[in-house]
Amino acid sequence: MGGERQHYYGKHGTPQKYDPTFKGPIYNRGCTDVICCVFLLLAIVGYVAVGIIAWTHGDPRKVIYPTDSRGQFCGQKGTKNANKPYLFYFNIVKCASPLVLLEFQCPTPQICVEKCPNRYLTYLSARSSPDFEYYKQFCVPGFQNNKAAAEVLRDGDCPPVLIPSTPLAQRCFPAIHAHKGVLMVGNATTYDDGDGVRKNITELVEGAKKANGVLEARQLAMRIFEDYTVSWYWIVIGLVIAMLMSLLFIVLLRFLAGIMVWVMIVMVILVLGYGIFHCYMEYARLRGEAGSDISLVDLGFQTDLRVYLHLRQTWMAFMIILSILEVIIILLLIFLRKRILIAIALIKEASRAVGYVMCSLLYPLVTFFLLCLCIAYWASTAVFLSTSNEAVYKIFGDANTCPLNGKTCNPETFPSANESRLCPGAHCQFAFYGGESAYHQALLGLQIFNAFMFFWLANFVLALGQVTLAGAFASYYWALHKPDDLPAFPLFSSFSRALRYHTGSLAFGALILAIVQIIRVMLEYLDQRLKAADNKFAKFLMTCLKCCFWCLEKFIRFLNRNAYIMIAIYGTNFCTSAKNAFFLLMRNIIRVAVLDKVTDFLFLLGKLLIVGSVGILAFFFFTHRIRIIQDTAPPLNYYWVPILTVIIGSYLIAHGFFSVYGMCVDTLFLCFLEDLERNDGSAERPYFMSSNLKKLLNKTNKKLAES
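Residues numbered from 1 in each chain as written. Predicted model: local features only at pLDDT ≥ 70, side-chain atom pairs only at ≥ 80, totals over all residues. Heavy atoms only, no water.

A word on unusual backbone geometry
- The backbone phi angle of Asp33 is positive, close to 50 degrees, even though this residue is not glycine.
- Note on placement: Asp33 falls in the loop between α1 (2–11) and α2 (34–57). (Helix = DSSP H or I, 4+ residues; strand = E, 2+ residues; numbered from the N terminus.)

This is the structure we're talking about:
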């Protein structure tokens, strides 16, 4: 047995030896991973330079305002199109061309108009009628009616047909009711394109049908926006309730950890049980109602999600899902009931640690603020980079007869240039924003650098928070006489140590994770590009790569988290800390697999309890089943909008509070394993763990036992 134990430790490092001078996080430490610190500072300087360059060349108006065929903004104040806020497409059917996906511009003339068309007209019918003055406002600016009808349509001076349209994102799209109008007005079914070819008007009808989904999405978005405008204050109240419940839960854990854990388990089971009961009651209530037996497959996707709540199959699906969750939780509790006692002891110890370092509950706000800065800088830089191109004009014509189709051109000289003679009927119009300078050619690389720096800085901020909390909680564990030996301001001391000595180590760990994340982003991009290709081997290979890098990211996150705890305690560099943490966990793999994951499971139950309670309260309130004083819920288009918002927000709030607890438990767990390896309970080497942990593990300090 002794040989096997030595062989096991040989594979997984050497156990920590007793050090009489070790009393917790080391204060006399040096800077670690200085090279990575220098690289991070240089990268930040470069990132700032990229932002300055982007802000100098970028123009966010290109995202906000649509542009016509000459690259001029629609509805922009100070321009000749100031009173023309909408973009009108001559032939919206061509927007389905693959060219749109490549260059984000429809290969059809586009002009800025004051209003979208509200009637059906063809050019041939309007040309000899009083409606022609109305029709002319949808022709190119400066149009003079001095050409034959065939020449006008050939040169793209006017659209061949007008269809009633509605504005969406300042662009005119065919209205939903336009189909019947196109088919019925004047019994017209064809129009002349100017080349003597009679084309079926149903081509435009199909284009209108393709716009239906977009318009329905617009209506859905508008209704959701209306719901937010009338219910936002109730949503805020729900989030405040979630925050108070999370804070109350943590305060109660400080004094009643064991009772609260069992109450939490029972409450989660009861909440799921009530959910099952409610689903069954709704399922039984709908029995016999007309249309309630329609299957979800037959109904298909509906933008009004309330329709699904009138189907028995929907409530049956909810009931099955909740029943499966209920059974899984009960089985896990049955098989892990003995380990739950040890997990409760760890949570009690974490409760005491958080109680003595109460300001740690506010630190997630610092992390949230820094992450918001990273996100804001990344998003603004990405927008300015994407809008720093120049207007590029290309020749749009028949690909079969025009050899210069797709070539760049100058719209001012194109009518008299040789290109117009080589490509009769072609147009020189705005295609996209780009450029041929070195800066424009480097835009893709700058965007990748922008995304990479966002990942790096965001992971650095998270790492800083983990090291700060780990250092504060480690100070609590290694204080022999708690809280007398606890240093003053442990959180601030840990934060200053992390920035002063270990910026390089944090940057190193964040860099490794950022590289894996940017590779995953590139794989997702390639996967989207390969979806159109029918190559099964490529899809299989891409799926394998995505799975491998997902697992790699999860492992690196786990390793980094424990490495940061070691950095906070011993002040070693990243590689040494990661190695020591990994070997320490491997030497105690059973405890890691059971105790650590049981506490994670219990914290998950706590989040579910808070989210479930607030979610049920929001459900009863927004469905008018309860009233708060005399106020009732506002009338809503979709009551699930505020309910989902409250549920998601409650989970994020609960996760922020429990993340502090999770870091505390992980830190105390590693310190606990170190304590078992360093000390033996003798007078010279006493255990630093709490009396509850010593009692559960049958450990004692001999000096205390004798006294």
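Structural notes on helix α12 (residues 337–356)
- In a regular helix each residue adds 1.5 Å, so 20 residues correspond to 28 Å; α12 covers 29 Å between its end C-alpha atoms and thus fits that length.
- Listed as buried for α12 are Ile340, Ile342, Ala343, Ile344, Ala345, Leu346, Ile347, Glu349, Ala350, Ser351, Ala353 and Val354. (Expected span 1.5 Å × (residues − 1). Buried < 20%, exposed > 50% of the residue type's maximum accessible area, 1.4 Å probe, protein only.)

A word on the state of the cysteines
- Following the criterion strictly, the structure yields three disulfides and no others.
- The disulfide partner of Cys74 is Cys112, and the gap between their sulfur atoms is 1.9 Å. Across the disulfide from Cys74 to Cys112, rotation about the S-S bond amounts to roughly -75 degrees, and the bridge is consequently left-handed. With a gap of 38 residues between them, Cys74 in the loop between α3 (61–64) and β1 (86–89) and Cys112 in strand β2 (residues 110–113) connect regions that are remote in the sequence. Cys112 matches Cys74 in its accessibility class, with the two residues each being buried.
- With its sulfur 1.9 Å from that of its partner, Cys139 forms a disulfide with Cys158. Its torsion about the S-S bond being 110 degrees, the disulfide of Cys139 and Cys158 is classed as right-handed. With a gap of 19 residues between them, Cys139 in the loop between α6 (132–136) and α7 (149–155) and Cys158 in the loop between α7 and β4 (161–162) connect regions that are remote in the sequence. (Disulfide = S-S within 2.5 Å.)

Let's talk about the packing of aromatic side chains
- A complete count under the given rule lists 26 aromatic pairs for this structure.
- Their ring planes at 85 degrees and their centres at 6.0 Å tell us that Tyr47 and Phe449 sit as a pair that is edge-to-face. On the criterion of sequence distance, the pair formed by Tyr47 in helix α2 and Phe449 in helix α16 (residues 443–477) is long-range, its members being 402 residues apart.
- For Tyr47, a relative accessible area of 4% corresponds to the buried category.
- Aromatic pair Phe555 and Phe582: ring centres 6.4 Å apart, planes at 80 degrees, arrangement edge-to-face. Placement of the pair is Phe555 in helix α19 (residues 536–570) and Phe582 in helix α20 (residues 574–587), with a sequence separation of 27 residues.
- Its relative accessible area of 40% is what places Phe555 among the partly exposed residues.
- An aromatic cluster is built from Tyr47, Trp55, Tyr377, Phe384 and Phe449, whose rings are joined through pairwise contacts.
- Seen from the ring of Tyr283, Arg312 lies directly overhead, with NZ or CZ sitting 3.9 Å from the centre. (Phe/Tyr/Trp six-rings, centres within 6.5 Å; stacked < 30°, edge-to-face > 60°. Lys NZ or Arg CZ within 6 Å of the ring centre and 35° of its normal.)

Some points on the nonpolar core
- Judged by nonpolar contacts, the single largest core of 100 residues is most densely connected at Trp456 and Leu602.
- A per-element tally of this core places α16 first, with 20 residues.
- With sequence-adjacent residues up to four places away left out, Leu602 is seen in contact with Val261, Met264, Ile265, Ala343 and Ile347.
- Formed by 20 residues, the second largest nonpolar core is a distinct cluster that contains Tyr123, Tyr134, Tyr135 and Cys139. (Core = buried A, V, L, I, M, F, W, Y, C linked by side-chain atoms within 4.5 Å. Contact = heavy atoms within 4.5 Å.)

Describing the environment of Cys402
- With respect to the helices and strands, Cys402 occurs in the loop between β9 (390–396) and α14 (418–422).
- The exposure class assigned to Cys402 is buried, which follows from its relative accessible area of 5%.
- Filtering out sequence-adjacent residues up to four positions away, Cys402 remains in contact with Ile395 and Cys423.

Overview of the pairing of strand β6 (residues 171–174)
- One ladder, built from four bridges, connects strand β5 (residues 165–168) with β6; its direction is antiparallel. Of the residues in β6, the one forming a bridge with Ser165 is Pro174.
- Hairpin connection from β5 to β6: two residues lie between these consecutive antiparallel strands, with Ala169 at a positive phi of about 55 degrees. (Pairing = 2+ DSSP bridges.)

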